[in-house]
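Each chain is listed here by its residues.
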Amino acid sequence: MGEAILRNLEEKTGKSLEQWLTIIKKSKLADKKSVMDFLKTNHSVGHFQAQTIFEQLSGTNEYENSDEFIPALFNTADLMKAYKKIENAILKFGKDIRIQPCKTYIPFYRKNQFAILKTSRDKKIVIGLNLDDNFNHDRFKKSKSGGSERINFQTTLNTIDDFDKEIISIFKTAYEKN
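Residues numbered from 1 in each chain as written. Predicted model: local features only at pLDDT ≥ 70, side-chain atom pairs only at ≥ 80, totals over all residues. Heavy atoms only, no water.

Participant: So what exactly am I meant to see when it comes to the overall build of the protein here?
Facilitator: Each helix and strand in the protein was counted, giving seven helices and six strands. With the C-alpha coordinates aligned to their principal axes, the bounding extent of the protein is approximately 55 × 35 × 30 Å. Going through the 178 residues of the protein one by one, you find that 42% of them count as buried. Looking at the protein alone, contacts between residues at least 24 apart form 50% of all its contacts between residues at least 6 apart. Approximately 10,500 Å² of the protein is accessible, and the part contributed by carbon and sulfur atoms is 47%. (Helix = DSSP H or I, 4+ residues; strand = E, 2+ residues; numbered from the N terminus. Buried < 20%, exposed > 50% of the residue type's maximum accessible area, 1.4 Å probe, protein only. Contact = heavy atoms within 4.5 Å. Areas by Shrake-Rupley, 256 points an atom, 1.4 Å probe, with all protein chains shown as cover.)

Participant: Just to check I follow, could you spell out the packing of helix α2 (residues 17-27) against helix α4 (residues 47-58) for this structure?
Facilitator: Helix packing for two helices is described by the angle between their axes and how far apart those axes are. Interaxial distance between α2 and α4 falls to 10 Å at its minimum, and their mutual angle equals 75 degrees. One finds that α2 runs roughly perpendicular with respect to α4. Residues L17, W20, L21, I24 and K25 of α2 pack against I53, Q56 and L57 of α4. (Axes fitted to C-alpha atoms, helices over the stretch in contact; angles between N-to-C directions. Parallel < 35°, antiparallel > 145°, perpendicular 65-115°, else oblique.)

Participant: How should the packing of aromatic side chains be read in this particular structure?
Facilitator: Given two aromatic rings, one states the distance between the centres and the angle between the planes to describe the pair. This model, assessed by the stated rule, comprises six aromatic pairs. On the basis of an interplanar angle of 35 degrees and a centroid distance of 4.8 Å, the ring pair of F74 and Y83 is categorised as tilted. For F74, a relative accessible area of 2% corresponds to the buried category. Look at Y83 and you get buried, because its relative accessible area is 0%. Judged by centre distance (5.5 Å) and plane angle (75 degrees), the ring pair of F114 and Y175 falls under edge-to-face. Taken together, the residues span a long stretch of sequence, with F114 in strand β3 (residues 113-119) and Y175 in helix α7 (residues 165-177) at a distance of 61 residues. (Phe/Tyr/Trp six-rings, centres within 6.5 Å; stacked < 30°, edge-to-face > 60°.)

Participant: What should I look at first to understand the environment of D78 in this one?
Facilitator: On the secondary structure map, D78 appears in helix α6 (residues 77-91). Note on D78: relative accessible area 62%, which makes it exposed. Linking D78 and T159, residues 81 residues apart in sequence, is a C-alpha distance of 9.4 Å.

Participant: I would appreciate a short explanation of the pattern of salt bridges in the present structure.
Facilitator: Counted according to the given criterion, the structure contains seven salt bridges. The salt bridge involving E87 is made with K84; its shortest N-O contact spans 3.5 Å. Of this pair, E87 and K84 both sit in helix α6, three residues apart, which is roughly one turn of that helix. Assessed through its relative accessible area of 9%, E87 is described here as buried. Residue K124 is joined to D122 by a salt bridge in which the shortest nitrogen-to-oxygen separation is 3.6 Å. The network of salt bridges with common partners includes R139, D164 and E166. (Salt bridge = Lys/Arg side-chain N within 4 Å of Asp/Glu carboxyl O.)

Participant: What exactly am I supposed to notice about α4 here?
Facilitator: Helical geometry note: an α-helix holds 3.6 residues per turn, so side chains three or four residues apart project in the same direction. Over its 12 residues, α4 runs 16 Å from end to end, which matches the ideal 16 Å to within 8%, given 1.5 Å per residue. For α4, the complete set of buried residues consists of Q49, A50, Q51, T52, I53, F54 and E55. One or two positions beyond α4, positive phi appears at G59, with a value near 75 degrees. (Expected span 1.5 Å × (residues − 1).)

Participant: Is there a simple way to think about unusual backbone geometry in this case?
Facilitator: Peptide bonds are, in most cases, trans, and in most cases residues other than glycine have a negative phi. Here the phi dihedral of S44 falls at roughly 55 degrees; this positive angle occurs in a residue that is not glycine. Secondary-structure assignment places S44 in the loop between α3 (32-43) and α4. A residue is classified by how much of its surface remains accessible, and S44, at 65% relative accessible area, is exposed. The phi torsion at K123 lies on the positive side, around 65 degrees, for a residue other than glycine. By the element assignment, K123 lies in the loop between β3 and β4 (125-129). For K123, a relative accessible area of 42% corresponds to the partly exposed category.

What is shown is where atoms sit, not what they do.
What follows is the structure, encoded as structure tokens:
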């Protein structure tokens with residue numbers, strides 16, 4: 001993902017990586033939060049673009065150990081079993097699905113991000129989906145706190161048995177929309 005962001009950085013932001021690095025160095029900001037806030041607020045740079053620019057500045061890579069993110073989030077045998085069941089159901093929608101684990105949630109992409117999975121403090125699985133704004137279902141609530149700006153509805157599974165044909169159908173709706 002970082003390579004694609006770097007390839008398209010100038011086209012998307014109007015500035016090359018070298019220009020962004022010069023701007024940051026002139027700002028004298030050094031810590032990640034300050035640099036990212038500066039880029040996002042003062043220059044309207046997107047979150048992942050800002051993060052990639054910071055990584056180039058600092059020589060770090062947030063996603064270097066992404067293979068560890070899923071086991072860290074779904075850190076009990078029951079949670080991992082539930083995650084695998086959900087992942088397997090989602091992957092049956094099509095061969096065009098990408099999973100790009102993050103530290104705090106697991107996003108699923110087609111052309112755009114259509115779903116995320118994460119865990120709650122009380123060890124339940126939270127599903128976030130990108131659905132039409134007028135979507136209405138008693139098992140989902142409108143939400144902007146899903147971990148991603150694209151996610152606008154979420155539900156929490158109390159047990160893996162709550163992941164049923166109805167939820168799978170709604171997941172598929174999000175997949176087809178994106």
